[in-house]
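Spelled out from the first residue to the last, the chains are:
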Amino acid sequence: MEMEKLVSLCKRRGFLFQSSEIYGGINGFWDYGPLGVELKRNVKEAWWRDMVTGHDDLSVADGAPETHSMVGLDCAIIMHPQVWKVSGHYDLFHDYMIDCRQSNKRYRHDQVLGRWVKRGDQRAFVTSMAGESVEDDLQQKALKLFRLRAKNVDELSWDGPVASLTTVDDFSQVLGPDAKELGTLTEPREFNLMYETHTGAMRDEKSKVFLRPETAQGIFVNFKNVLDSTRLKIPFGIAQIGKSFRNEITPRNFTFRSREFEQMEIEFFCHPDSSADWYKYWRDRRFRWYTDLGLAGERLRLRDHDPSELSHYSTGTADIEYAFPFFAEGEYGELEGVAHRGDFDLRSHSEGKLDPNTNPLEVEKDEHGQPRWRGSGKDLSYRDEVNNEKYIPHVIEPSAGADRATLAFLCEAYTEDEAPDDKGNMKTRTVLKLHPRLAPIKAAVFPLVKKDGMPEVAKQIYRDLKPHMNVFYDQKGAIGRRYRRQDEAGTPYCITVDGQTLEDETVTIRDRDSLEQWRVKVDEVVVEIQGRLSQ
Ligand code: GAP
C-alpha cells in the first residue's frame, strides 16, 4: 500500500487533518476529523474495556499467573516538577540534534543516515533521512556533489554500507541531508524533549512546570492513594489513557511521531518473585490484543530487546512493532513497549534513587546543599498482611500509543479490490477493512430511491439502530456510490430498503468485506446487526 493513498483518504473522508491547516499547519500536531475521532475513541474504548472494565478480578484468565485486579486513573497533565527530576526526564530525557547552517534545517543525530563515497581523491559522507529509498537518494546526492551525470555513475566508489551519522566523528566531510556543500552541519547538541510552561503570574525558574512526556508517572505518584482508597491487594494494575507531549526534533511519518499524542499505559504492581512470570504474561497478552483487533499479518511482530539494550533496572523489555508502509523494507516501528521496570519507579519516588548513568556531581543542589533529585520521602512500599511481608513492588509496564495503534489499524485496513458498480461492471474500490469494534460507523441505512415510502422505512430502521450503535443515514445519489462511500469509511454493514421491502417487509444487508448480500425482516435488523458485530 502506498502511504500517499492512505493520507489522501484520511483527509478526503475526514479521518485526519493537519492541525491549524488554514494557517499553513504546525509540524507534529494533528486533528482527528469526524470519522477519525470515532475510530480513535473506539481504539481507546477497546483498550479500556479489554484491560480495565471488562477485566474479571475473580478468574485466572488468559494464562495469567494468578487472579489480579485492574483499576483506572485520570491524572493531571501538569505535575509537580520534582516528579520529572526523580523520574529522570529532567536530566536524561533528551535527543541529540544537529543543525544545518546552509538549509537551516534541524535533524535528530541518530536519524540521519549516510554512506562514504569516493570519486578520485575526493571523499564525502553523503546523507539522507531514513525512508523508503535511502540508497537511491544517496546516489543522486553523490552525483550532484561531484557534478557527474547519471551515465557516469561508475566513477563513484562506495565505501562500506549505509550507516548512521553517529558513526562519523569529523563533520567537515559530511554533506547534510538538504545541503549543497560539505561541512555545513553543526556538532550534536542535547535537546530536552519536555515542553515547559509556568504556573501562576510569575514567569521565573520557580514557577516552571512541564507538560507530561508520559502518563506513567501520574500512576506511580498515586500508588499509595489508590492502595489507601481501595481494598486492592497485590498483584494489581493501574491503567491510564491520556495526552502526552514531547518536543520531538523531527516529527514525521504522519501521526507516527507527533509532538502531542495519547498514551494507553498500565503499571502492573507485583511481588518481585513473580515479576518475571507477569512480564511474560503481559508481553503475550498485549501482543494478542493487536492480533485480535485485526493486525494479524506478518507486518506485526514482537521483538525482545537484546540484554545490552535494557536499562539497568530492567530484566526484560519487548516491543510490539508494526511494519508501517512509510518505512523501508524490513523496518518496523514501535506500537508499544512492555517493560519489566523492577522497583525503580516506586523506590525513586520514595528515596530518590539516582540513575547510574547520571553523574552525581552534575545533579542540581537545593538551598541546603542536598541533591534536588530527591524522592518524596514517603514510604511507597507494600505491606502483605497475610504473609507479614513488606516490600517495594516490582512493576511491569505495557505502554502503548493510541495514535500509533490507530494509524497501524488504518494501514492494515486499507485495501483496494474489485467490486461491481451500479451497472454491474467490476471496478476498483477502496475499502477500509477495519475490525467491526473499531469501525467509526457500524451500519449505514439507505432507501434505494427517495420515494414510494422507502425513506420512511429506512429512517425508522436508522432510529431503531441509533440507541445501540453509531449508524448513518444516506439517501443521496446512486446506490453504488453510497456503498463506495461507506466502504471508504470502513462501515461493516449497509442496509438497503428497496421495492421488495414494501411487499414483504425485508431489507438487504450487504457485508463490506465479502460483498455478500442477504435479506432479513425489518424488525430483525437490530438483532441481526448486533449479533454480527459481536462475533
Ligand atoms: N512510560 C513509558 C513510555 O512512555 P515510550 O516508549 O517512550 O515509553 C510509549 O512510549 C508509547 O507511546 C510508544 O510505544 C508509542 O506508541 C507512543 N509514543 C511515544 N512517543 C510518541 C510520539 N512522539 N508520537 C506518537 N506516539 C508516541
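Residues numbered from 1 in each chain as written. Predicted model: local features only at pLDDT ≥ 70, side-chain atom pairs only at ≥ 80, totals over all residues. Heavy atoms only, no water.

**A short note on a positive patch on the surface**
Where like charges cluster on the molecular surface, the positive patch consists of K450, K476, R481 and R485. Structurally, K450 can be placed in the loop between β23 (443–447) and α11 (454–465). (Patch = residues over 30% accessible without salt bridge, like charges linked within 9 Å, V, L, I, M, F, W, Y side chains within 5 Å. Areas by Shrake-Rupley, 256 points an atom, 1.4 Å probe, with all protein chains shown as cover. Salt bridge = Lys/Arg side-chain N within 4 Å of Asp/Glu carboxyl O. Lys, Arg positive; Asp, Glu negative; His and termini not counted. Charge placed at Lys NZ, Arg CZ, Asp CG, Glu CD. Helix = DSSP H or I, 4+ residues; strand = E, 2+ residues; numbered from the N terminus.)

**Remarks on the pattern of salt bridges**
Summed over all chains, the structure comprises 44 salt bridges. Notably, a salt bridge pairs R115 with E135, separated by 3.6 Å at the nearest N-O pair. Of this pair, R115 sits in strand β6 (residues 112–119) while E135 sits in helix α5 (residues 134–145), and the two are 20 residues apart along the sequence. The class for E135 is partly exposed, based on a relative accessible area of 49%. (Buried < 20%, exposed > 50% of the residue type's maximum accessible area, 1.4 Å probe, protein only.)

**Some details on the site of the ligand**
Taken together, 19 residues lie around the ligand, and E214, E248, S258, E265 and E334 are the ones closest in. E248 places a side-chain nitrogen or oxygen 2.8 Å from a nitrogen atom of the ligand. Note that an oxygen atom of the ligand is positioned 3.0 Å from one of the backbone N or O atoms of G401. Listing elements by their share of the shell around the ligand, those giving two or more residues are β14 (260–270), β17 (333–342) and β20 (394–401). (Near = heavy atom within 4 Å. Polar contact = N/O pair within 3.5 Å; in protein donor to acceptor, adjacent residues only side chain to side chain.)

**Topic: the nonpolar core**
Grouped together as the largest cluster of nonpolar side chains are 56 residues, with contacts concentrated most on W282, W289, Y290, F324 and F409. For this core, the element with the most residues is helix α10 (residues 402–413), which contributes eight residues. Apart from residues no more than four positions distant in its own chain, F409 is found in contact with V43, W289, Y290, L293, L295, L434 and L438. Membership of the second largest hydrophobic core comes to 24 residues, among which are L113, V117, L143 and L165. (Core = buried A, V, L, I, M, F, W, Y, C linked by side-chain atoms within 4.5 Å. Contact = heavy atoms within 4.5 Å.)

**Here we look at the domain arrangement of the chain**
Partitioning the chain into domains gives domain 1 (37–93 + 193–409), domain 2 (96–191) and domain 3 (441–533). Distance between the C-alpha centres of domain 1 and domain 3: 43 Å. (Domains from an automatic or database assignment.)

**Some words on the sheet that holds strand β4 (residues 94–99)**
Ordered in space as β5-β4-β10, the three strands form an open sheet in which the pairing is antiparallel. Edge positions in the sheet fall to β5 (106–108) and β10 (189–192), since each has one partner strand and no second. Here the average twist between neighbouring strands, direction ignored, is 45 degrees. Examined bridge by bridge, β4 and β5 share three bridges and lie antiparallel to one another. Residue pairing for β5: D99 is matched across the bridge by R106. (Pairing = 2+ DSSP bridges. Axes fitted to C-alpha atoms, helices over the stretch in contact; angles between N-to-C directions.)

**Quick notes on the environment of A296**
Within the secondary structure layout, A296 lies in the loop between α8 (275–292) and β15 (300–304). Assessed through its relative accessible area of 58%, A296 is described here as exposed. Sequence separation between A296 and E412 is 116 residues; the distance between their C-alpha atoms is 9.0 Å.

**A few points about the pairing of strand β27 (residues 517–521)**
For a regular strand, the rule is simple: side chains alternate between the two faces of the sheet. Alternating positions in β27 separate cleanly, W518 and V520 being buried on one face and Q517, R519 and K521 remaining unburied on the opposite face. Hairpin remark: strand β26 (residues 506–511) followed by β27, antiparallel, with five residues in the connecting loop; positive phi at L515, about 65 degrees.

**Re the sheet that holds strand β9 (residues 174–175)**
The sheet built from four strands is open, its strands ordered β8-β6-β7-β9 with mixed pairing. A strand with exactly one partner marks an edge of an open sheet, and here the two such strands are β8 (157–164) and β9. As paired strands, strand β7 (residues 122–129) and β9 are joined by two bridges and run parallel to one another. Across the sheet, residue V126 finds its bridge partner in β9, namely L175.

**Considerations on unusual backbone geometry**
Most of the time, phi is negative for any residue but glycine, and the peptide bond is trans. Looking along the chain, the bond that leaves I234 and enters P235 is cis, with omega of 10 degrees. Within the secondary structure, P235 sits in the loop between α7 (223–229) and β13 (236–245). One non-glycine residue, D62, adopts positive backbone phi at about 55 degrees. Its place among the elements puts D62 in the loop between α2 (34–53) and β3 (69–73). When its relative accessible area of 45% is taken as the criterion, D62 is described as partly exposed. Phi is positive for N253, close to 60 degrees, though the residue is something other than glycine. Relative to the helices and strands, N253 resides in the loop between β13 and β14. Relative accessible area serves as the criterion here: at 21%, N253 is assigned to the partly exposed category.

**Let's talk about the state of the cysteines**
All chains considered together, the criterion is met by zero disulfides. Looking at the unpaired C75, the closest cysteine sulfur is the one in C270, lying at 20 Å. By relative accessible area, C75 is classed as buried at 13%. C411 forms no disulfide, and the closest cysteine sulfur to it belongs to C10, at a distance of 8.2 Å. We classify C411 as buried; its relative accessible area is 6%. (Disulfide = S-S within 2.5 Å.)

**So, the side chain of Q263**
Relative to the elements of secondary structure, Q263 occurs in strand β14. Side-chain polar atoms of Q263 contact the backbone nitrogen of T215, separated by 3.0 Å. Once you skip the residues sitting within four places of it in the chain, Q263 turns out to touch P213, E214, T215, Q240, I241, G242, S244, R246, S399, A400, G401 and A402.

**Some thoughts on helix α9 (residues 344–351)**
Burial analysis of α9 places six of its eight residues in the buried class, the great majority of the element. Those residues of α9 lying buried are F344, D345, L346, S348, H349 and S350. Elements in contact with the buried residues of α9: α3 (81–87), α6 (216–221), α7, β14 and β17.

**Some remarks on the environment of C494**
Here C494 is to be found in strand β25 (residues 493–497). A relative accessible area of 1% places C494 in the buried class. Here the alpha-carbon distance between C494 and I529, two residues 35 residues apart in the chain, equals 9.8 Å. Those residues in contact with C494 that lie beyond four places of it in its chain are A444, F446, Y483, Q486, T508, I509 and R510.

**Comments concerning the packing of aromatic side chains**
Counted under the stated rule, the structure contains 25 aromatic pairs. Consider the rings of F223 and F236, whose centres lie 6.1 Å apart with planes at 5 degrees: the pair is stacked. Of this pair, F223 sits in helix α7 while F236 sits in strand β13, placing them 13 residues apart in sequence. Judged by centre distance (6.1 Å) and plane angle (65 degrees), the ring pair of Y462 and Y473 falls under edge-to-face. (Phe/Tyr/Trp six-rings, centres within 6.5 Å; stacked < 30°, edge-to-face > 60°.)

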